[in-house]
Amino acid sequence: MTLVVVEPLKRRHCAECHRGPLPLLVLEFNAPRCLVCADLSHLVLLPRGNTALTRRAREGSSLWAVVVRYHRRRKRYERQGLLVEEEALARAESACLADADARARRRARDAARRATEDTRLTAALTAAVRTLFPGCPPERARTIAAHTAQRGSGRVGRSAAGRTLDTDAVTAAVRASVRHEDTPYDRLLMAGVPRHEARTRVAGTIEATLEGWRRVPQVRE
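Residues numbered from 1 in each chain as written. Predicted model: local features only at pLDDT ≥ 70, side-chain atom pairs only at ≥ 80, totals over all residues. Heavy atoms only, no water.

J.: Looking at this structure, I do not really get the overall build of the protein. What am I missing?
T.: Counting its regular elements, the protein contains 7 helices and 6 strands. Listed by position from the N terminus, the elements making up the protein come as β-β-β-β-α-β-β-α-α-α-α-α-α. What you see for the protein is a C-alpha radius of gyration of 34 Å, clearly larger than the 17 Å of a compact globule of 221 residues, by over 25%. Principal axes of the C-alpha set define a box for the protein whose edges measure 105 × 40 × 25 Å. Counting the 221 residues in the protein, one finds 32% classified as buried. Considering only contacts in the protein between residues 6 or more positions apart, those separated by 24 or more positions represent 48%. With an accessible surface of roughly 14400 Å², the protein has 52% of that area assigned to carbon and sulfur atoms. (Helix = DSSP H or I, 4+ residues; strand = E, 2+ residues; numbered from the N terminus. Rg over C-alpha atoms; globule rule 2.2 N^0.38 Å. Buried < 20%, exposed > 50% of the residue type's maximum accessible area, 1.4 Å probe, protein only. Contact = heavy atoms within 4.5 Å. Areas by Shrake-Rupley, 256 points an atom, 1.4 Å probe, with all protein chains shown as cover.)

In structure tokens form, the structure reads like this:
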């Protein structure tokens, strides 16, 4: 059986000790009783909202009660929280804090692991760009790799093909970089030129740039 404590909407006084108005009360034989007279005054209120804390406090408390308040518009009683033993609440809070610390440490480990993976992927993509396009400036190759490998971007570097350094995927990343950085493609789009037409206009410039980058640069003696 669940003990129920009411948060009254109207001013109510205890039918036994006449204290009031009562912030919380228990109805016994349709008469309000204060928490002292109901032998619940040693419990503390845990507002609703934290599911894990509520569950732990309830499980650790030998005596607990549900706090409800009547919602006039919805015409029903709604839970506001629990009354639990103070020691049980303290233990529950400590357990939740320990969990929070553990989750924070796990998040930190995961973030470090992802950062290492991203660094390795960027380095691998940079090397792949330099292999396919030895004439591409080293810093530009690193910029292209970092851009296409950005986590959560949905770009080709994050695709399965990109992660395996597929030649077509790497070439597509370089071509996209040239399109946006070395041609008026973006300005054409802003001017209202349809995408397919804009791509046609800049295709020659892109291919000329890629062809130049495919050639091994001559080393001056």
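J.: Got a minute to help me understand the nonpolar core in this structure?
T.: Soluble globular proteins tend to pack their nonpolar side chains together in the buried interior. Judged by nonpolar contacts, the single largest core of 22 residues is most densely connected at Cys136, Val174, Leu210 and Trp213. With 5 residues, the single largest contributor to this core is helix α7 (residues 195-214). Residues within four places of tryptophan 213 in sequence aside, it is in contact with Phe133, Pro134, Gly135, Cys136, Pro137, Arg140, Ile144, Val174 and Val178. Among the nonpolar cores identified, the runner-up in size contains 15 residues, and Cys34, Leu82, Val84 and Leu89 belong to it. (Core = buried A, V, L, I, M, F, W, Y, C linked by side-chain atoms within 4.5 Å.)

J.: In this structure, what is going on with the side chain of threonine 171? I would like to understand it.
T.: Structurally, threonine 171 is set in helix α5 (residues 167-181). Relative accessible area serves as the criterion here: at 12%, threonine 171 is assigned to the buried category. Only 2.8 Å separates the side chain of threonine 171 from the backbone oxygen of threonine 167, close enough to count as a polar contact. (Polar contact = N/O pair within 3.5 Å; in protein donor to acceptor, adjacent residues only side chain to side chain.)

J.: What exactly am I supposed to notice about the environment of arginine 19 here?
T.: Mapped onto the elements of the fold, arginine 19 is located in the loop between β1 (3-6) and β2 (26-28). Here arginine 19 falls in the partly exposed class, since its relative accessible area comes to 45%. Sequence separation of arginine 19 and glutamate 86 is 67 residues, and the distance between their C-alpha atoms is 24 Å. Setting aside residues no more than four positions away along its own chain, arginine 19 makes contact with Arg12, His13, Cys14, Cys34 and Val36.

J.: How should I be thinking about the sheet that holds strand β4 (residues 43-47) in this particular structure?
T.: Pairing between the strands of a sheet comes from backbone hydrogen bonds, and it takes one of two forms, parallel or antiparallel. What the 4 strands build is an open sheet, ordered β1-β5-β6-β4; its pairing is mixed. The open sheet is flanked by β1 and β4, the only strands paired with a single partner. This sheet shows a mean twist of 40° between the axes of neighbouring strands, independent of strand direction. Where β4 meets strand β6 (residues 76-85), 5 bridges bridge the pair, whose relative direction is antiparallel. Residue pairing across strands places leucine 46 opposite leucine 82, the latter belonging to β6. Strands in contact with helix α1 (residues 51-60) are β4 and β6; relative to β6, the strand with the most contacts, it is inclined by about 60°. In this fold helix α2 (residues 86-132) packs onto β4 and β6, with an angle of close to 90° to the strand it touches most, β6. (Pairing = 2+ DSSP bridges. Axes fitted to C-alpha atoms, helices over the stretch in contact; angles between N-to-C directions.)

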